[in-house]
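Read off the chains here:
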Number of protein chains: 4
Amino acid sequence: MIVVMRSGATDQEIDHMIQQVEELGLKANVLRGTERTVIAAIGDERVNGVQTLESSPGVESVMPVLAPYKLASREAHDATSVVTAGSLSVGGKQVGVMAGPCSVESEEQLMTVAKAVKAAGATALRGGAFKPRTSPYSFQGMKEDGLKLLAAARDETGLAVVTEVIAPDDVDLVGEYADVLQIGARNMQNYRLLEACGRSHRAVLLKRGPSATIDEMLLAAEYILDGGNPNVMLCERGIRTFEAHTRFTLPLATVPYLQQKTHLPVIIDPSHGTGHTSLVPAMAKAAIAAGADGIIVEVHPDPEHAMSDGYQSLRCEQFEEMMQQCRRVAEAVDRTV
Amino acid sequence: MIVVMRSGATDQEIDHMIQQVEELGLKANVLRGTERTVIAAIGDERVNGVQTLESSPGVESVMPVLAPYKLASREAHDATSVVTAGSLSVGGKQVGVMAGPCSVESEEQLMTVAKAVKAAGATALRGGAFKPRTSPYSFQGMKEDGLKLLAAARDETGLAVVTEVIAPDDVDLVGEYADVLQIGARNMQNYRLLEACGRSHRAVLLKRGPSATIDEMLLAAEYILDGGNPNVMLCERGIRTFEAHTRFTLPLATVPYLQQKTHLPVIIDPSHGTGHTSLVPAMAKAAIAAGADGIIVEVHPDPEHAMSDGYQSLRCEQFEEMMQQCRRVAEAVDRTV
Amino acid sequence: MIVVMRSGATDQEIDHMIQQVEELGLKANVLRGTERTVIAAIGDERVNGVQTLESSPGVESVMPVLAPYKLASREAHDATSVVTAGSLSVGGKQVGVMAGPCSVESEEQLMTVAKAVKAAGATALRGGAFKPRTSPYSFQGMKEDGLKLLAAARDETGLAVVTEVIAPDDVDLVGEYADVLQIGARNMQNYRLLEACGRSHRAVLLKRGPSATIDEMLLAAEYILDGGNPNVMLCERGIRTFEAHTRFTLPLATVPYLQQKTHLPVIIDPSHGTGHTSLVPAMAKAAIAAGADGIIVEVHPDPEHAMSDGYQSLRCEQFEEMMQQCRRVAEAVDRTV
Amino acid sequence: MIVVMRSGATDQEIDHMIQQVEELGLKANVLRGTERTVIAAIGDERVNGVQTLESSPGVESVMPVLAPYKLASREAHDATSVVTAGSLSVGGKQVGVMAGPCSVESEEQLMTVAKAVKAAGATALRGGAFKPRTSPYSFQGMKEDGLKLLAAARDETGLAVVTEVIAPDDVDLVGEYADVLQIGARNMQNYRLLEACGRSHRAVLLKRGPSATIDEMLLAAEYILDGGNPNVMLCERGIRTFEAHTRFTLPLATVPYLQQKTHLPVIIDPSHGTGHTSLVPAMAKAAIAAGADGIIVEVHPDPEHAMSDGYQSLRCEQFEEMMQQCRRVAEAVDRTV
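Under an unreviewed UniProt entry, the name given to chain A is Phospho-2-dehydro-3-deoxyheptonate aldolase, and the organism recorded is Posidoniimonas polymericola.

Now the structure itself:
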């Protein structure tokens, strides 16, 4: 960590800071420049109290040097981790494709989609049974009945089931039916939920919060890893920016950047990442070209009458067509779909 | 709701949309312009299926007309609601002042701050016992022991206690000790927690998520109100923007804007809203001048050794000085502190 | 345009608004709902005075229906425009590739890069002679001497020259040497410069400002088109968001979105869009997969000693390798590079 | 400057970096930690080539320590600079108030406003003659005729004139009529314009670009100061964020933050900063409470028929009422209006 002292910081303030740094178990190196004195603190700076040094007298700023996460870091594990859950495998040569409706609405709806996405080449079925909804007046999901339908769809198609869990108390229940527990963007920093998923033996798909930094996302993953569950996938689903022509802004540079920083596989969600059906196929292809380990896509047999997210869902035929294009792009970057 | 059809939308697509609108129980008014046909749907548009119309053929965009929340709206309740909890009252002429440490750390620390902020004029004591922390390696709070210290500080000073609750299962426990349940920014869309607080008889301080829109914040409040708890205060604590010189960007225009849209009282958090001690007093004064119904401020006897948020905490003397200034500003806008 | 009246707007206010709308030459349709009255104004709303209606008594909001630009719109010109300038052609099957150094620094530097990017398959040479620099203390470019070197490099390699123009007075001078005038992100709303480029016979590469909306970018293009110059390319180069791990956030959904709204070809700049050499190739591939009509990339023989933007420049060998990958991705989406 | 080497950087890479740092005339201090080696470069890091070190082999990141601006810094000039131009003085005890219409539209309109704002206590008259407009189809201003009307209004009222200049070639002309040259937000990084204003003897009001960082704004000011013109005022007018309920987000913490970093006076524009008439008075009061040295406000005798910005203009009576409130708030913070 680097402590930059204010111009005109007194010797007493500098001595005080040296002492503070040493109390934290770090070694203080004092570098006196013409305009500023800088104190470089060497050692493991991931200790309580480091950021607080900013309140010490004469301090201008404190700049961390080390990443705040450990288990999630690329340094902790050099190769990309392969996460496997039933028919789904991400992190290897094959690009995982999770597809299905935003909400499970009925047996007929789910079976239709499940068969269609399976036929088109999806490697997992997504579908929401517990739905976090912005408005209390919106459809809140079929809950356990939805989970049962998902399990039935797995029996029928062989596709692994990815579904969201929204509360710590539900982790065991959802884990009975699902292959992958999805933590939604709004829950990325729901620490009790992260801890509960850390205790689960199910793989976890962790979505980035719409205003989370990459460090915050990796620290959320760290909660799960530190809890004992190594099977974590990270999912970029778009961030909140001033852009209003898309529901969120999808920053695909997250893919190569995360691949430098972490060994966890990286998934892209072009449905939430754009919010408009017509933009999804281009972003799915771009995600694969950028090196994503997987994509997760909303598909519905009749988006116009979907109970949620119809505006960003593909019809089954649109998904099939997109998959044909994705397959070609994957080959161009030496991957398969 | 207004449905804008694409240039060149066919009569069949327009007829289909009219039918869709009528199926939702709304009346369709078709307005044919030179470049676009627009269908104005009159009626209560807060029904499932409205947004999904965007997926219908020939549709360019769907623009809602009505606000999506009801109970929280200014129209539902013309006067500003006064929320009272022990010594704290917000929404009336007096500006509520909640002050105290980020985390409860010890009896001595808490009592020192409680007495100091009481003497300086605070009307409630804030302090965290359950702490949501970005890193699993950070101090996670004293939990129930912290709650007990808070209750003891209330006994000593008479100040109402404001403290955060981070999980639905904890609502009853926290409610036993606290006068006000704080829902933190990261939990603004933790719907189970909102529902649990809706069932509580304690007042709730709901913080805006750092990337939440005002509609999303009011819908989060709607969950609590709809659950039966009318005592909700809204708190602006800063949003995520490209600005890096402050930890968050504090948009004080939220104050007059919310006051137009909702009857719920509006609180400003200049500590999280800036992230730097030296910027807090100016923003506290500005908040009061802008018409805020209350402020919530972090105060610590020794910020340099605080276990969290030291960089944005005021020392007790700094808080006292700030309160003297705030009192003058409050008088200038016909309020009291 | 849709005028939403406030709840409780009086008949007098509604009548006044009808009159205002009619004064603008539009036809007013009054729709009285249960909670709001809405006035739909039909006609060409691109007239002075429309936005100002928001100040009329009883008005809650004014929502435009029509896009504010005309000449740039897809409706004005159904097929994608092909812009050709010397060896460069964008908007057709071939993906244009503009590559070269951020700044022209010397004859040797420029010739080395020009030959290398030509050999690797670039279709135009980029290089800055007039440099807009954030700091007055930074290298400001070789100016006309740089332009001469660019022209010499064109003579040597046959590559069209793309170079930035930063002031209206320079447009003629730069146009003497360059094939394409680049308007930088900071000048996207320098209207005098746009007007001057509108009078030029050179093609224009218009970069999106880092906080410009798509409508603002298309209106900037409209200035050039309206001035009589139809040869405009639009370039997405990243926006300012809260993300700090990249210099800007590159929203590739701009590509399919713009292709729906405008007939002008769309170029992606993965160098400025990421700000880090190591992220450029992935984003170049992703851009092509997303359907971009061209890319513009910074290449330098010795980035470590570049006078500007070294941190985001590719070495010549890196560019060559990237081009091989881009070629494969282009084929996968039925394009060529 | 601090160079953080990658984990696993070789001795050769570290030696190479030491050499690079020394070539820049800086002293290299090598600090070997357990996980990273850090090289602290001491000396004046504001030299070409510093940022480019990021491209050297084995480098993870480069963190500057010194602010990139010099003349604008608080260290260069300890007291706040007082900028005086005719009747306007900002930077002292009195809060400067610049008020008037967005655009000069006619003699009658301008004289009405000028007399009204003078009577209400404004210390300068603002009004646009050269208008930078997003759309080529919008009213572009009265140009020199508008300047003449402004000068006539000054003769009549004694108020100093603040008006925008949008091109370097116009600086002399505008300077003949105006007391203060305003550089608009869209031109904050129009370096030719900054240079031309640096050569002028008129005071300059420099508006922050909607996505400019504070460093970028101070470097823009540095262009003017470095050109020989010391009379620069900085103006915060709102930034682009995800918030859509205001046209821009007005971050008032800019006021105390700038006052720590620079000696230049700080002005707030609550009109552009909110974009809605009804939010302007609250933000004007908040700005003064936060310590602003001045405010600039749009006032129009008939906003409903204004040729630009009517939706954010105050009527003359509203301005007068606001001034009475501002006067009280100013007194509460020991200032005058």
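> Break down the domain arrangement of chain A for me, with residues and values.
We note that the domain assignment places domain 1 (2-63) and domain 2 (74-332) within chain A. Measuring from the centre of the C-alpha atoms in domain 1 of chain A to the corresponding centre in domain 2 of chain A gives 43 Å.

> Describe the packing of aromatic side chains, naming the residues involved and giving the relevant values.
Within this structure, the stated rule accounts for four aromatic pairs over all chains. Stacked on the ring of phenylalanine 248 of chain B, the Lys or Arg arginine 237 of chain B has its end atom at 4.1 Å from the ring centre.

> Describe the relation of the copies chain A and chain B, naming the residues involved and giving the relevant values.
Aligned on chain B, chain A shows an RMSD of 0.0 Å; the corresponding rotation is 180 degrees and the shift along the axis is 0.0 Å. Read as a symmetry element, the transformation amounts to a two-fold axis. Nearest to the rotation axis, the C-alpha of serine 211 of chain A is located 2.9 Å from it, this being the minimum over chain A. Residue by residue, 100% of the interface of chain A is reproduced at the interface of chain B, so both copies engage with the same surface.

> Give a description of the packing of helix α2 (residues 107-120) of chain C against helix α3 (residues 144-157) of chain C that names residues and reports values.
All names here are of chain C. Running from N to C, α2 and α3 point in directions that differ by 35 degrees, and their axes come no closer than 10 Å. In terms of crossing hand, the pair formed by α2 and α3 is right-handed. Note on element contacts: α3 touches α2 through Leu149, Leu150, Ala152, Ala153, Glu156 and Thr157, opposite Glu107, Leu110, Met111, Ala114, Lys115 and Lys118. Here the contact of α2 with α3 is built from residues that sort into seven nonpolar, one polar and four charged.

> Any details on the interface of chain A and chain B? Residues and values, ideally.
Taken together, the contact between chain A and chain B spans 52 residues of the former and 52 residues of the latter. Counting across the chain A and chain B interface gives six salt bridges. Salt-bridge contacts for aspartate 170 of chain A lead to arginine 192 of chain B; the nearest nitrogen and oxygen are separated by 2.7 Å. Summed over the shared surface of chain A and chain B, the number is 34 residue pairs in polar contact (both at pLDDT 80 or more). At the level of secondary structure, the elements contributing two or more residues to the side of chain A that touches chain B comprise α1 (11-23), α5 (191-198) and α6 (214-226) of chain A.

> If you had to explain the sheet that holds strand β13 (residues 266-268) of chain D to someone new, which residues and values would you point to?
Residue and element names in this part refer to chain D. Pairing in this closed barrel of eight strands is parallel, and the strands run β7-β8-β9-β10-β11-β12-β13-β14 around the ring. Averaged over all adjacent pairs, the angle separating strand axes in this sheet is 25 degrees, with direction ignored. The pairing of β13 with strand β14 (residues 294-298) spans two bridges and is parallel. If you follow isoleucine 268 over to β14, its bridge partner there is isoleucine 295. Sheet strands touched by helix α3 (residues 144-157): β8 (124-126) and β9 (160-164). Its angle to β9, the strand with the most contacts, is close to 160 degrees.

> With reference to specific residues and values, describe unusual backbone geometry.
Phi is positive for lysine 143 of chain C, close to 55 degrees, though the residue is something other than glycine. Within the secondary structure layout, lysine 143 of chain C lies in the loop between β8 (124-126) and α3. On the basis of relative accessibility, which here comes to 37%, the residue lysine 143 of chain C falls in the partly exposed class. Unusually for a residue other than glycine, aspartate 334 of chain D sits at a positive phi of about 60 degrees. If you trace the backbone, aspartate 334 of chain D turns up in the segment after α10 (316-332).

About the criteria used
Residues numbered from 1 in each chain as written. Chains lettered and ligands numbered in written order. Predicted model: local features only at pLDDT ≥ 70, side-chain atom pairs only at ≥ 80, totals over all residues. Heavy atoms only, no water. Domains from an automatic or database assignment. Phe/Tyr/Trp six-rings, centres within 6.5 Å; stacked < 30°, edge-to-face > 60°. Lys NZ or Arg CZ within 6 Å of the ring centre and 35° of its normal. Least-squares fit on C-alpha atoms with pLDDT ≥ 70 in both. Contact = heavy atoms within 4.5 Å. Axes fitted to C-alpha atoms, helices over the stretch in contact; angles between N-to-C directions. Helix = DSSP H or I, 4+ residues; strand = E, 2+ residues; numbered from the N terminus. Left-handed = near helix turned anticlockwise from the far one by under 90°. Nonpolar A, V, L, I, M, F, W, Y, C, P; charged D, E, K, R; others polar. Salt bridge = Lys/Arg side-chain N within 4 Å of Asp/Glu carboxyl O. Polar contact = N/O pair within 3.5 Å; in protein donor to acceptor, adjacent residues only side chain to side chain. Pairing = 2+ DSSP bridges. Buried < 20%, exposed > 50% of the residue type's maximum accessible area, 1.4 Å probe, protein only.

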